[in-house]
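# Examination of the molecular architecture
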Amino acid sequence: MAKVEVYATEWCPYCKRARKLLEEKGAKYQLIDVMMEPKRKKEMMDRANGRHTVPQIFINDEHIGGCDELMALEAADKLDAKLSA
């Protein structure tokens, strides 16, 4: 199974939507709450090429993007392959 990391906050609806899709896919992921760990926000921005909004999702260290990009992968039937790599 792929290594999945999600930088998020608990209250963000897009974060919840992305996490729900990952859970429906049976993907285990590391949740990094940037509100609880504010120092991790800079790490997220560095890894996400300056993006500062949540969620920011990484699969096997590849920056996927946010919720919209994750949903687009699913719609294009490409998410399962990334998650199984």
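The structure we're discussing is the one just above.
Treat the numbers as computed from the prediction; the structure is a model and nothing was measured.

Criteria and cut-off values
- Residues numbered from 1 in each chain as written.
- Predicted model: local features only at pLDDT ≥ 70, side-chain atom pairs only at ≥ 80, totals over all residues.
- Heavy atoms only, no water.
- Helix = DSSP H or I, 4+ residues; strand = E, 2+ residues; numbered from the N terminus.
- Contact = heavy atoms within 4.5 Å.
- Buried < 20%, exposed > 50% of the residue type's maximum accessible area, 1.4 Å probe, protein only.

### A look at the environment of Ile 32
- One can find Ile 32 in strand β2 (residues 30–33).
- As a C-alpha pair, Ile 32 and Gln 56 span 24 residues in sequence and 9.8 Å in three-dimensional space.
- Beyond its immediate chain neighbours, meaning those up to four positions away, Ile 32 contacts Glu 5, Val 6, Tyr 7, Ala 8, Glu 37 and Arg 40.

### So, unusual backbone geometry
- Cis rather than trans, the peptide bond between Val 54 and Pro 55 has omega equal to 0 degrees.
- With respect to the helices and strands, the residue Pro 55 is situated in the loop between α2 (39–47) and β3 (56–59).
- With a phi close to 50 degrees, Asn 60 is a non-glycine residue in the positive phi region.
- Inspection of the secondary structure puts Asn 60 in the loop between β3 and β4 (62–65).
- Backbone geometry at Asp 77 places phi at a positive 60 degrees, although glycine is not the residue there.
- Along the polypeptide, Asp 77 turns up in the loop between α3 (67–75) and α4 (79–84).
- Asp 77 gets classed as exposed once you look at its relative accessible area, which sits at 68%.

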